[in-house]
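Breakdown of the fold
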Amino acid sequence: MSTQHTYRVIVRGTWEGLTDEARARLLAEVEQHGLEAMQFTEEGSLTYDTVLKHFSFRYVVVSDAEDGEEMASAIAEDRAETTLKEHGYGHGRLRSTATDMDTMKINYKGR
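The following paragraphs examine the structure supplied in this document.

Definitions and limits used
- Residues numbered from 1 in each chain as written.
- Predicted model: local features only at pLDDT ≥ 70, side-chain atom pairs only at ≥ 80, totals over all residues.
- Heavy atoms only, no water.
- Salt bridge = Lys/Arg side-chain N within 4 Å of Asp/Glu carboxyl O.
- Helix = DSSP H or I, 4+ residues; strand = E, 2+ residues; numbered from the N terminus.
- Buried < 20%, exposed > 50% of the residue type's maximum accessible area, 1.4 Å probe, protein only.
- Pairing = 2+ DSSP bridges.
- Axes fitted to C-alpha atoms, helices over the stretch in contact; angles between N-to-C directions.
- Contact = heavy atoms within 4.5 Å.
- Phe/Tyr/Trp six-rings, centres within 6.5 Å; stacked < 30°, edge-to-face > 60°.

**Remarks on the pattern of salt bridges**
Throughout the structure, instances matching the rule amount to 1 salt bridge. Notably, a salt bridge pairs Arg 25 with Glu 21, separated by 3.6 Å at the nearest N-O pair. One end of the pair, Arg 25, and the other, Glu 21, are both in helix α1 (residues 20–28), 4 residues apart, so they sit about a helical turn from each other. Under the relative-accessibility criterion, Arg 25 is labelled partly exposed at 25%. Take Glu 21: its relative accessible area is 59%, and that puts it in the exposed class.

**Digging into the sheet that holds strand β2 (residues 45–48)**
Strands sit in the order β2-β3-β1-β4 across an open sheet of 4 strands; the sheet is antiparallel. Two strands bound the open sheet, and with one partner strand each, they are β2 and β4 (95–100). Averaged over all adjacent pairs, the angle separating strand axes in this sheet is 20°, with direction ignored. Contacting β1 (4–14), β3 (54–64) and β4, helix α2 (residues 68–87) crosses the sheet at an angle of about 130° to β3.

**Side note on the pairing of β2**
Burial along β2 is two-sided: Ser 45 and Thr 47 facing one way and Leu 46 and Tyr 48 facing the other are all buried. By the bridge criterion, 4 bridges tie β2 to β3 in an arrangement that is antiparallel. Residue pairing for β3: Ser 45 is matched across the bridge by Arg 58. If you look at the hairpin formed by β2 and β3, you'll find 5 residues sitting between the two strands, and Leu 52 has a positive phi there, around 55°.

**Quick look at the packing of aromatic side chains**
On inspection of all chains with the given rule, the structure shows 5 aromatic pairs. Centroid distance Phe 57 to Tyr 59: 5.7 Å. Interplanar angle 20°. Geometry classified as stacked. The pair Phe 57 / Tyr 59 is uniform in exposure class, with both members buried. Members of the aromatic cluster, joined through ring pairs, are Trp 15, Tyr 48, Phe 55, Phe 57, Tyr 59 and Tyr 89.

And the structure:
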């Protein structure tokens with residue numbers, strides 16, 4: 001049995017080809033997707049601003065440690081792609097960065 005690790009993944013992209021309806025929907029919900037919404041969750045939290053140029057998702061992904069950060073990134077990008085498609089939001093290429101929380105070293109001050 002393989003060891004599971006928890007990854008925090010940020011998926012970034014740019015809006016492209018948004019319809020007028022999609023643009024209006026995003027602008028109507030912009031307050032719910034600002035800096036305060038930035039949290040890592042399994043479902044993913046979407047953040048963007050009123051300029052509607054860039055967006056990001058933050059995900060928590062649990063995956064086999066032997067698959068590494070690349071697999072966690074692929075899983076998160078797939079989740080983001082699915083969410084964007086479900087809502088009819090056009091976008092460009094997605095890119096991501098993953099951090100393995102189980103191997104992260106924490107330096108405590110004063111020790």
